[in-house]
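# An overview of the molecular structure
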Amino acid sequence: MNKKDLRKKYKELRDQLSVDEIEAKSMAIANRLLQLDTIPNGRQVWEQTYFHLFLSIEEQKEVDTEFILQILAGKDKEIVVAKSNFKTLEMTHYLLTDNTKFQKNDYNIYEPVDGLEVPVSKIDVVFVPLLAYDKKGNRVGYGKGFYDKFLSKCREDIIKIGLSFFEPEDAIAAVSQTDIRLDYCVTPKTVYNFQL
């Protein structure tokens, strides 16, 4: 399937999920994340320090990352959140602190107003939003390219973790050279490791 068709398919699938289903599946994904360090050939995710987390867009019925936020806070990790510039398609990354103030942008995304900026070179792990992904770790996002641009500037050893309510497609057609593959994708049922 091509990216356009996959976007349509998975937006429709997410639209069918109830609020209760989203909460239960999101909690299951957060619980699966705790198993990351035990998978074969896995990298030591929970030994890392700086974790970049997207804040869910409720209207898009995304995976609710509030549970992951609680895990990261409980493990005393440094949590990094982004602010998007829709003119340049670039993101600025800020350290989440008790003083971080948020506001919703025009796309219903909660973003930090300002704060302590974190250079991308510091970030160890990125939780990547997606609509669909395949068995090789290729992903389909919303099509703006924010994350591909951001990930291309990160260290080569950064750990990229997708979060999805659904299982992978066999293959995504017409994957571009600028598309950056995931290392893992976590679903309510399992963890896919694309490094094997």
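For the structure, check the block above.
The text that follows walks through the structure, step by step, so that each part is easy to find. (Residues numbered from 1 in each chain as written. Predicted model: local features only at pLDDT ≥ 70, side-chain atom pairs only at ≥ 80, totals over all residues. Heavy atoms only, no water.)

### Observations regarding the sheet that holds strand E9 (residues 159–163)
Operational definition: Two strands make a pair as long as DSSP finds a minimum of two bridges between them. The numbering of helices and of strands both runs from the N terminus, where a helix is a DSSP run of H or I of at least 4 residues and a strand a run of E of at least 2. In this description, a line fitted to the C-alpha atoms serves as the axis of each element, helices being fitted only across the stretch in contact, and the angle between N-to-C directions of two axes falls anywhere from 0 to 180 degrees. Note on contacts: a residue pair is in contact if any heavy atoms of the two residues lie within 4.5 Å.
One open sheet holds the 7 strands; their spatial order is E3-E2-E1-E6-E9-E10-E11, and the pairing between them is mixed. Looking at strand neighbours, the two that pair on one side only are strand E3 (90–95) and strand E11 (191–193), the edges of this open sheet. Adjacent strand axes in the sheet meet at a mean angle of 25°, parallel and antiparallel pairs treated alike. Sheet analysis places strand E10 (residues 184–186) next to E11, joined by 3 bridges and oriented antiparallel. Counted as the bridge partner of Tyr 184 is Asn 193 from E11. Sheet strands in contact with helix H3 (residues 66–74) are strand E1 (50–52), strand E2 (78–85), strand E6 (125–128) and E9, and its direction is about 140° off that of E2.

### Some details on the layout of surface pockets
Counted only if it meets this: Within this scheme a cavity is a closed region of a 1 Å grid, computed over the protein atoms alone, that accommodates a 1.4 Å probe without allowing it to escape, whereas a pocket is open but has protein on both sides within 12 Å along at least five of seven lines; lining residues each have an atom within 4 Å of a point. Grid points are joined across faces, edges and corners, and a volume is the space filled by probe spheres set on the points. Note that Gly is not counted as nonpolar here; it falls among the polar residues with everything else outside the nonpolar set of Ala, Val, Leu, Ile, Met, Phe, Trp, Tyr, Cys and Pro and the charged set of Asp, Glu, Lys and Arg.
The volume enclosed by the largest pocket comes to roughly 650 Å³. In terms of lining, the largest pocket is formed by 30 residues, of which the most central are Pro 129, Tyr 142, Lys 144, Phe 146 and Tyr 147. Taken together, the elements giving at least two residues each to the lining of the largest pocket come down to helix H1 (3–15), E2, strand E5 (110–112), strand E8 (139–140) and helix H4 (146–152). In the lining of the largest pocket, the residues fall into 17 nonpolar, 5 polar and 8 charged. Computed from the structure, the second largest pocket encloses a volume of approximately 430 Å³.

From the geometry alone we can't say anything about function, so treat these as descriptive.
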